[in-house]
Amino acid sequence: MIFTTKNTDETRAIGRKIAEKLHTGGTETAYIAMRGEMGVGKTAFVSGFASYFGISGVKSPTYAVMNQYSMDGITIRHFDMYRITDEDDLYSIGYDDYVNARGYNIVEWSENIEYAIPDSAIYVSIERLPECDEHRRITVTGGGMEIQI
Ligand SMILES: Nc1ncnc2c1ncn2[C@@H]1O[C@H](COP(=O)(O)OP(=O)(O)O)[C@@H](O)[C@H]1O
Ligand SMILES: [Mg+2]
């Protein structure tokens, strides 16, 4: 699916909508690989996704690499791979265990860890649109999402 958004709240709303589709479809374990340049709205999308579950206060985990949130039996692990430059870095954060654990793994800068993205991943790519500073195109593919929305 392809969405266009005109401001931050609309991007958050798309994140929320994807969370709703997964959850109401019975999917509580999924890997979401995000792509897109700095400042494009990846964290805004994750914040909207988490808000569906009543989770607020989502912040970029750039320094921590991963922030984990839990609410009512739902777990979200929010990764930022910006500083992950090789496989040793990745495995030193315990990535293997996280990837195989229950919950939603949502990964910013998945471009940096292409080799470690599961086949089952849903991809969310966010791009800027040329006509306006605040316009974005959000493309969601994989994980059966094409037919769910
Ligand atoms: N349509 C939009 N969607 C998301 N963010 C937007 C949009 N228009 C402007 N912004 C701004 O762009 C920035 C996106 O920041 P953030 O979500 O942290 O990006 P990223 O995680 O991709 O680096 C915020 O300052 C936000 O207010
Ligand atoms: Mg971010």
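Everything numeric in this text was worked out from a predicted model, so none of it was measured.

So, the overall build of the protein chain
Thought 1: Within the protein chain, the secondary structure is distributed over 5 helices and 7 strands.
Thought 2: In sequence order, the protein chain lays out its α and β elements as β-α-β-α-β-β-α-α-β-β-β-α.
Thought 3: Here the C-alpha atoms of the protein chain give a radius of gyration of 14 Å, agreeing with the 15 Å that 2.2 N^0.38 yields for 149 residues.
Thought 4: Overall, the C-alpha framework of the protein chain stretches about 40 × 35 × 30 Å when taken along its three principal axes.
Thought 5: Evaluated residue by residue, the protein chain yields a buried proportion of 33% over its 149 residues.
Thought 6: By sequence separation, contacts in the protein chain at least 24 residues apart represent 67% of the contacts at least 6 residues apart.

Quick look at the sheet that holds strand β2 (residues 30–35)
Thought 1: With mixed pairing, the 7 strands of this open sheet are ordered in space as β1-β7-β6-β2-β5-β4-β3. Both outer strands of the open sheet, β1 (2–5) and β3 (66–71), are each paired with one neighbouring strand and no more. Ignoring strand direction, the axes of neighbouring strands in this sheet form an average angle of 15°.
Thought 2: Bridging between β2 and strand β6 (residues 122–128) involves 4 bridges; their strand directions are parallel. Each bridged residue has a counterpart across the sheet, and for Ile-32 the counterpart in β6 is Ile-122.

Here's the deal with the environment of Trp-109
Thought 1: Position of Trp-109 among the secondary structure elements: in the loop between β5 (104–108) and β6.
Thought 2: Counting along the chain gives 75 residues from Trp-109 to Met-34, while the straight-line C-alpha distance between them is 6.3 Å.
Thought 3: Setting aside chain neighbours within four positions, we find Trp-109 in contact with Asp-80, Met-81 and Tyr-82.

As for the packing of helix α1 (residues 8–24) against helix α2 (residues 42–51)
Thought 1: Relative to each other, α1 and α2 sit at 50°, their axes nearing to 6 Å. Between α1 and α2, the angle is such that the two are oblique. The interaxial crossing formed by α1 with α2 has right-handed handedness. Residues Thr-8, Thr-11, Arg-12, Ala-13, Ile-14, Gly-15, Arg-16, Ile-18 and Ala-19 of α1 touch α2, and the partners they reach there are Ala-44, Phe-45, Val-46, Ser-47, Gly-48, Phe-49 and Ser-51.
Thought 2: Residue composition of the contact of α1 with α2, grouped by class: 8 nonpolar, 6 polar and 2 charged.

Quick word on the pairing of strand β4 (residues 74–80)
Thought 1: Two elements, β3 and β4, share 6 bridges in a ladder whose sense is antiparallel. Among the inter-strand pairings, Met-71 is bridged to a residue of β4, identified as Ile-74.
Thought 2: Looking at chain direction, β4 and β5 are connected through 5 bridges and run parallel. Each bridged residue has a counterpart across the sheet, and for Arg-77 the counterpart in β5 is Asn-105.

Re the nonpolar core
Thought 1: Core analysis: the largest hydrophobic core is formed by 33 residues, its most contacted members being Ile-32, Phe-45, Phe-49, Ala-50, Ile-106, Val-107 and Val-124.
Thought 2: For this core, the elements supplying multiple residues, two or more each, are α1, β2, α2, β4, β5, β6 and β7 (136–141).
Thought 3: Apart from residues lying up to four places away in sequence, Val-124 is in contact with Ile-32, Met-34, Phe-45, Ile-138 and Val-140.

Some remarks on the environment of Ser-47
Thought 1: Structurally, Ser-47 is set in helix α2.
Thought 2: Taking the C-alpha atoms as reference points, Ser-47 and Arg-16, separated by 31 residues in sequence, lie 8.2 Å from one another.
Thought 3: Discounting residues that sit within four places of it in the chain, Ser-47 has contacts with Arg-12, Gly-15 and Val-58.

About the criteria used
- Residues numbered from 1 in each chain as written.
- Chains lettered and ligands numbered in written order.
- Predicted model: local features only at pLDDT ≥ 70, side-chain atom pairs only at ≥ 80, totals over all residues.
- Helix = DSSP H or I, 4+ residues; strand = E, 2+ residues; numbered from the N terminus.
- Rg over C-alpha atoms; globule rule 2.2 N^0.38 Å.
- Buried ≥ 20, exposed ≤ 12 C-beta atoms within 10 Å, placed from the backbone.
- Contact = placed C-beta atoms within 7 Å.
- Pairing = 2+ DSSP bridges.
- Axes fitted to C-alpha atoms, helices over the stretch in contact; angles between N-to-C directions.
- Parallel < 35°, antiparallel > 145°, perpendicular 65-115°, else oblique.
- Left-handed = near helix turned anticlockwise from the far one by under 90°.
- Nonpolar A, V, L, I, M, F, W, Y, C, P; charged D, E, K, R; others polar.
- Core = buried A, V, L, I, M, F, W, Y, C linked by C-beta atoms within 7 Å.

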